[in-house]
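If you want the building blocks of each chain, they are given just below.
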Amino acid sequence: MPVVRALSKVAKQALQTPGCGCRPLAVTLRTISFSPRQVPPGSDASFHSVSFSETDHPKVLITGGLGQLGVGLAKLLRKRFGKNNVILSDIRKPPSHVFFSGPFIYSDILDYKNLREIVVNNRITWLVHYSALLSAVGEANVALARSVNITGLHNILDIAAEHGLRLFVPSTIGAFGPTSPRNPTPDLCVQRPRTIYGVSKVHAELMGEYYHHRYGLDFRCLRYPGIISPDSQPGGGTTDYAVQIFHDALKTGKFECNLKQDTRLPMMYIDDCLRATLEVMEAPAETLTMRTYNINAMSFTPEELAQEVQKQLPDLQVMYEIDGVRQSIADSWPMNFDDTNARIDWGWKHEYDLPELVQTMLNFIGSESQIAQAT
């Protein structure tokens with residue numbers, strides 16, 4: 001970097017040879033951070049200086065924003081930080097209500113240059129990385145899951161480290177395997193998942209923590225349980241039955257579950273999930289004793305969920321047609337999360353238990369169905 005060397009030489013001379021009996025000049029030199037991704041020899045790296053005041057709002061980029069969680073998180077963050085400070089991104093065309101609700105941009109996490117330009121041009125300070133293929137879909141296309149969930153993650157990590165971003169990458173109950181303690185499952189234990197989705201999430205946890213210790217990356221991660229949301233359709237996850245039951249109960253009065261009736265898994269309503277994400281991102285770094293936390297709200301079986309729904313809709317008929325792939329995945333996952341560390345370190349506390357979850361889902365989907373019929 002000829003310019004940097006020239007400036008350093010001039011500064012050194014000025015400090016060593018004060019003229020006219022004056023005091024030496026006080027010269028402030030800006031240090032240049034480096035990226036784990038090597039800069040080609042002979043090329044000049046771009047200067048990057050973070051001038052982010054604590055009173056300013058973060059500038060947030062959400063990748064994979066059209067999935068189950070992105071739109072809801074964007075709505076929550078825009079309410080807190082301002083509409084134009086949160087950019088939603090994906091490789092798909094957004095529906096009109098999403099496009100007009102706030103900034104949206106095309107972003108392919110496999111295109112390093114494009115992603116880097118977005119971060120630089122929009123002065124991003126927080127990055128929420130939701131792009132991923134879920135469990136059942138990933139098993140159907142391992143090569144694509146490996147590319148999106150692992151190669152894409154590497155791009156995200158390098159860019160976040162290079163530009164001093166605060167990075168959030170979600171993990172999952174799928175990051176554990178059949179040899180993990182299942183009831184409860186602590187933050188630190190044997191993991192050994194048996195799906196490409198789970199393997200990629202363990203990889204994300206460890207790489208994020210490595211970048212934190214090696215490069216000082218402000219990496220934060222939550223292991224989500226199964227997330228239940230009224231305004232998104234099931235997207236290929238093993239826990240999707242817990243969303244589908246509400247749609248089927250109100251539309252047809254019949255529900256076919258693809259997991260055994262006694263399959264217990266940890267679950268959470270989406271509002272709790274999004275609030276937990278915001279809270280861990282806002283938590284002071286010194287309060288975090290680890291960089292990857294379990295979070296939990298409730299744990300139930302398909303039978304227990306169906307019984308709670310039938311308290312409101314007693315005519316609901318429930319049948320069980322087991323999907324072998326999804327059942328084998330669920331049998332290797334935790335039955336209950338131990339999230340003690342999250343509750344102690346940054347004050348995590350859920351608000352929705354099973355009865356509140358069921359009532360909220362039925363009210364929301366029922367009102368949406370009535371509006372659709374009226375129009």
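Residues numbered from 1 in each chain as written. Predicted model: local features only at pLDDT ≥ 70, side-chain atom pairs only at ≥ 80, totals over all residues. Heavy atoms only, no water.

Caption draft 1: Representation of the overall build of the protein. On a plain count of helices and strands, the protein comes out with 13 helices and 13 strands. Contacts spanning at least 24 positions in sequence make up 77% of the contacts within the protein whose residues lie at least 6 apart. Approximately 18,900 Å² of the protein is accessible, and the part contributed by carbon and sulfur atoms is 53%. (Helix = DSSP H or I, 4+ residues; strand = E, 2+ residues; numbered from the N terminus. Contact = heavy atoms within 4.5 Å. Areas by Shrake-Rupley, 256 points an atom, 1.4 Å probe, with all protein chains shown as cover.)

Caption draft 2: Region of interest: the pattern of salt bridges. In the structure shown here, the tally under the stated rule is 14 salt bridges. Put simply, Asp218 and Arg291 hold a salt bridge, and the shortest N to O gap is 2.7 Å. Highlighted residues: Asp218 in strand S7 (residues 218-224) and Arg291 in the loop between helix H9 (270-282) and strand S11 (292-294), separated in sequence by 73 residues. Here Asp218 and Arg291 have matching classes, each one buried. (Salt bridge = Lys/Arg side-chain N within 4 Å of Asp/Glu carboxyl O. Buried < 20%, exposed > 50% of the residue type's maximum accessible area, 1.4 Å probe, protein only.)

Caption draft 3: A look at the packing of aromatic side chains. For the structure on display, the rule yields 11 aromatic pairs. Ring geometry for Phe168 against Tyr224: centres 6.2 Å apart, planes inclined by 40°, an arrangement best described as tilted. Remark: Tyr224 occurs in strand S7 and Phe168 occurs in strand S5 (residues 166-168); sequence separation between them is 56 residues. Pairing Trp346 with Trp348 gives two aromatic rings, centres 6.4 Å apart and planes at 40°, and the pair type is tilted. Joined through ring pairs, the aromatic side chains of Tyr130, Phe168 and Tyr224 make up one cluster. (Phe/Tyr/Trp six-rings, centres within 6.5 Å; stacked < 30°, edge-to-face > 60°.)

Caption draft 4: Representation of helix H6 (residues 142-162) in the model. Look at H6: 29 Å from first C-alpha to last across 21 residues, which is about the 30 Å you get at 1.5 Å a residue. Just downstream of H6, Gly164 is the residue with a positive phi angle, here 65°. (Expected span 1.5 Å × (residues − 1).)

Caption draft 5: Up close: the nonpolar core. Counting residues in hydrophobic clusters, the biggest one holds 68 residues, and the most contacted among them are Ile62, Phe246, Phe300, Leu305 and Trp346. Looking at this core, the element that brings in the most residues is H9, giving 7 residues. Ignoring any residue separated from it by four or fewer positions in sequence, one finds Leu305 in contact with Tyr241, Ala242, Ile245, Phe246, Phe300, Leu354 and Val358. Judged by nonpolar contacts, the second largest core, of 27 residues, contains Ile118, Val169, Ile196 and Ala204. (Core = buried A, V, L, I, M, F, W, Y, C linked by side-chain atoms within 4.5 Å.)

Caption draft 6: Region of the structure containing the confidence of the model for the protein. Taken over all residues, the pLDDT of the protein has a mean of 87, while the share at 70 or more is 82%. Confidence drops under pLDDT 50 across residues 10-33; counting only partners more than four residues distant or on other chains, this segment forms 13 contacts. Low pLDDT, under 50, characterises residues 39-55; the predicted model gives this stretch 15 contacts beyond four residues in sequence or across chains. (pLDDT = per-residue confidence, 0-100.)

Caption draft 7: The arrangement of unusual backbone geometry in detail. Residue Pro184 follows Asn183 across a cis peptide bond; omega there is 0°. Residue position: Pro184 is located in the loop between strand S6 (171-172) and helix H7 (196-215). One non-glycine residue, Arg123, adopts positive backbone phi at about 50°. The topology assignment puts Arg123 in the loop between helix H4 (112-121) and strand S4 (126-129). Judged by its relative accessible area of 61%, Arg123 falls in the exposed class.

Caption draft 8: Representation of the sheet that holds strand S8 (residues 226-228) in the model. Across the sheet, 3 strands lie side by side as S8-S10-S12; this open sheet has mixed pairing. Each edge of the sheet is formed by a strand with only one pairing partner; in this case those strands are S8 and strand S12 (298-300). Here the average twist between neighbouring strands, direction ignored, is 45°. With respect to the sheet, helix H8 (residues 241-251) is in contact with S8, strand S10 (265-269) and S12, its orientation differing from that of S8 by roughly 25°. (Pairing = 2+ DSSP bridges. Axes fitted to C-alpha atoms, helices over the stretch in contact; angles between N-to-C directions.)

Caption draft 9: Up close: the pairing of strand S1 (residues 60-63). Alternating residues of S1 divide into Val60 and Ile62 and Leu61 and Thr63, and every residue in both groups is buried. Looking at chain direction, S1 and strand S2 (residues 86-90) are connected through 3 bridges and run parallel. Across the sheet, residue Val60 finds its bridge partner in S2, namely Val86. One crossover worth recording links S1 to the parallel S2 by way of helix H2 (residues 70-81), and it is right-handed. Direction of pairing for S1 relative to S4: parallel, over a ladder of 4 bridges. Within S4, the residue paired with Leu61 across the bridge is Leu127. (Right-handed = clockwise from strand over helix to strand, strands pointing away.)

Caption draft 10: Structural view of the packing of H4 against H6. Packing of H4 against H6 brings their axes to within 10 Å, and their N-to-C directions diverge by 35°. In this structure, H4 crosses over H6, and the sense of that crossing is right-handed. Residues Tyr112, Leu115, Arg116 and Val119 of H4 pack against Asn155, Ile156, Asp158, Ile159 and Glu162 of H6. (Left-handed = near helix turned anticlockwise from the far one by under 90°.)

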